[in-house]
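# Breakdown of the fold
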Amino acid sequence: MEELVKELKQQLIDELNLEEMTPEDIDTEAPLFGDEGLGLDSIDALEIILILERNYGIKIENPAEGKEIFYSVDTLARYIESHRA
Amino acid sequence: MSATCYIKRHAAISPGGDAEGKNYLTAAEPDYKSLIDNPGLRRRMSRIIKMGVAAAQMCLKDDIRPEAIVTATGLGCVGDTEKFASQILSLGENLLNPSTFIQSTFNTIGAQIALLHKIEAYNMTYVHRSLSFESALLDSLLLVEEGRHNILVGAIDEMYETPYTIEQRMGLLRNITAGEGAHFFLLDSEPHDACATLLALETGSAPATADCFVETLLQAKGLQAADIDLWLTGENGNTLHDKPFATLDRLVAPTSRRLSYKKICGEYPTAPAAALSMAADEIAGGKARYALIYNHSQEYHSVMLCGSL
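Residues numbered from 1 in each chain as written. Chains lettered and ligands numbered in written order. Predicted model: local features only at pLDDT ≥ 70, side-chain atom pairs only at ≥ 80, totals over all residues. Heavy atoms only, no water.

### A few points about the overall build of chain B
What chain B contains, in helices and strands, is twelve helices and ten strands. What you see for chain B is a C-alpha radius of gyration of 19 Å, in line with the 19 Å of a compact globule of 309 residues. Along the first, second and third principal axes, the C-alpha set of chain B runs to 60 × 45 × 30 Å. Expressed as a percentage of the 309 residues in chain B, the buried residues total 56%. Taking the contacts inside chain B whose residues are at least 6 apart along the sequence as the reference set, 77% of them involve residues at least 24 apart. In the structure as shown, chain B presents an accessible area of about 13300 Å², 51% of it carried by carbon and sulfur atoms. (Helix = DSSP H or I, 4+ residues; strand = E, 2+ residues; numbered from the N terminus. Rg over C-alpha atoms; globule rule 2.2 N^0.38 Å. Buried < 20%, exposed > 50% of the residue type's maximum accessible area, 1.4 Å probe, protein only. Contact = heavy atoms within 4.5 Å. Areas by Shrake-Rupley, 256 points an atom, 1.4 Å probe, with all protein chains shown as cover.)

What follows is the structure in structure tokens.
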């Protein structure tokens, strides 16, 4: 799980062009969206969907679950862990 | 164009004229963090977008809010387009990144400037090959004529290895040094704080003779060729392309200072914007009263006339 969290953080930095950040700067529990945490937006949400599909073969079938799954790096990692093939 | 149009400010991110062993000239870029302080917006900007937005930011200092944003580009965001096209191929047209698509569109620079300043005014982008900047400028002049103030008009084009290789293979760069640049101008109908006047702009497709084209324009403004003291020529080193400039050299007075501006900025579709920037600088510095700019690319010709206040 720890390895997956580290890998996810690096993928977020690379795919979302968070060029001034390192994996250590991203709080695993902090919200990804909104003003409190990383401050990502709807375009970033699309990029994260692509990370899940391309890199882990996971497709989110129910969009209503998105808010919960995308809350933080931790929730994302847990979802990947329980759904990856 | 009947209303007088004043250039209040202008800003440039352009090459310094030294190719340093390269095949093309690249712009000297500033520290973008100081000009685009929103990291959220900056992280989505590619090099050309940063160049364009930063040049616009230099023009919009002191909280000036433009009543229109007009941008021009010949080839648009080529780097982003290459990235997006490569993804289409490598990912089999599936699961493409939205950011690369957004960045690859021609009007993204005008849009980013508007987003940064929360400007909901007129926003237009012209992509008309080597007449892109002149088309944007003509639109801006019409907006000035309508009575709008602080019209932000700019031109942006980038050059790097891939487009250079393609243009070279297509035979478009024979004896020509390619270039790039981002130039923005703030135009107004009021002379307050202005540095130069844009007196005339004409474009044409293969005019019969370049000298008649220029003479007609000068006559319309009550000027003679002898009045021109700065002569900015758009010759690029290709003998066939440069023919009209020999004709024009015979018309423009030998006493005028002649500057081949593409030796400084290189050849690219919106290079006349670099010439306008140079003319505004020379006029503002008192080194010229009237500057004539002539560009020619493929069958397209354009002439701009600038003057002191």
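What follows continues from the structure just given.
### Things to note about the domain arrangement of chain B
Residue and element names in this part refer to chain B. If you check the domain split of chain B, you get domain 1 (5-188) and domain 2 (196-307). Contacts between the two partners involve 35 residues from domain 1, matched on the other side by 31 residues from domain 2. Taking both partners together, domain 1 and domain 2 bury about 2700 Å²; carbon and sulfur atoms supply 64% of that area. For domain 1, the biggest contributors to the area lost against domain 2 are Ile7, Ser130 and Glu134; these three give 21% of the whole. Connecting domain 1 to domain 2 are nine residue pairs in polar contact (both at pLDDT 80 or more). Mapped by element, the contributors of at least two residues to the side of domain 1 that touches domain 2 are strand 1 (5-13), helix 7 (132-145), strand 4 (151-157) and strand 5 (181-188). Ranked by the residues each element gives to the side of domain 1 that touches domain 2, the list is headed by helix 7, at six residues. Looking at the side of domain 1 that touches domain 2, its residues break down into 18 nonpolar, twelve polar and five charged. (Domains from an automatic or database assignment. Buried area = accessible area lost by both parts, 1.4 Å probe. Polar contact = N/O pair within 3.5 Å; in protein donor to acceptor, adjacent residues only side chain to side chain. Nonpolar A, V, L, I, M, F, W, Y, C, P; charged D, E, K, R; others polar.)

### As for the nonpolar core
All names here are of chain B. Counting residues in hydrophobic clusters, the biggest one holds 40 residues, and the most contacted among them are Phe133, Leu137, Leu187 and Leu276. A total of eight residues in this core trace back to one element, the largest contributor, which is helix 12 (residues 272-284). Per-domain counts for this core show at least three residues from each of domain 1 (5-188) and domain 2 (196-307). Ile36, Ile109, Ile113 and Ile156 belong to the second-largest nonpolar core, a separate cluster that totals 29 residues. (Core = buried A, V, L, I, M, F, W, Y, C linked by side-chain atoms within 4.5 Å.)

### Concerning the state of the cysteines
A disulfide bridge is the covalent bond that connects two cysteines by way of their sulfur atoms. Residues and elements named next belong to chain B. Applying the stated criterion to the full structure yields zero disulfides over all chains. The closest cysteine sulfur to the non-disulfide-bonded Cys195 is located on Cys306, 9.2 Å from its own sulfur. Looking at Cys195, the relative accessible area reads 17%, which means it is buried. (Disulfide = S-S within 2.5 Å.)

### Topic: a nonpolar patch on the surface
Among the surface-exposed residues, Ile166, Met170 and Leu172 of chain B lie close enough to one another that they form a single nonpolar patch of about 300 Å² accessible area. Checked against the element boundaries, Met170 of chain B lands in the loop between helix 8 (161-169) and strand 5. (Patch = residues over 30% accessible without salt bridge, like charges linked within 9 Å, V, L, I, M, F, W, Y side chains within 5 Å. Salt bridge = Lys/Arg side-chain N within 4 Å of Asp/Glu carboxyl O.)

### Remarks on the interface of chain A and chain B
Each partner contributes to the interface: chain A provides 15 residues, whereas chain B provides 13 residues. When the two sides are added together, the surface that chain A and chain B hide from each other amounts to roughly 1200 Å², 45% of it contributed by carbon and sulfur. Taken together, the links from chain A to chain B amount to four salt bridges. A salt bridge links Glu20 of chain A to Arg42 of chain B, with the nearest nitrogen and oxygen atoms 2.7 Å apart. Applying the counting criterion to the chain A and chain B interface returns eleven residue pairs in polar contact (both at pLDDT 80 or more). Across the side of chain A that touches chain B, the residue classes tally to six nonpolar, one polar and eight charged.

### Things to note about helix 2 (residues 42-56) of chain A
Here helix 2 of chain A contains 15 residues, and its C-alpha end-to-end distance of 21 Å stays within 8% of the 21 Å for a straight helix at 1.5 Å per residue. Taken together, the buried positions of helix 2 of chain A are Asp44, Ala45, Glu47, Ile48, Leu50, Ile51, Leu52 and Tyr56 of chain A. Looking at the buried positions of helix 2 of chain A, the neighbouring elements they touch are helix 1 (2-15) and helix 4 (73-83) of chain A together with helix 5 (98-104) of chain B. Between a side-chain oxygen at the N-terminus of helix 2 of chain A and the backbone nitrogen of Ile43 of chain A the separation is 3.2 Å; the capping residue is Asp41 of chain A. Once helix 2 of chain A ends, the next one or two residues include Gly57 of chain A, with phi positive near 65°. (Expected span 1.5 Å × (residues − 1).)

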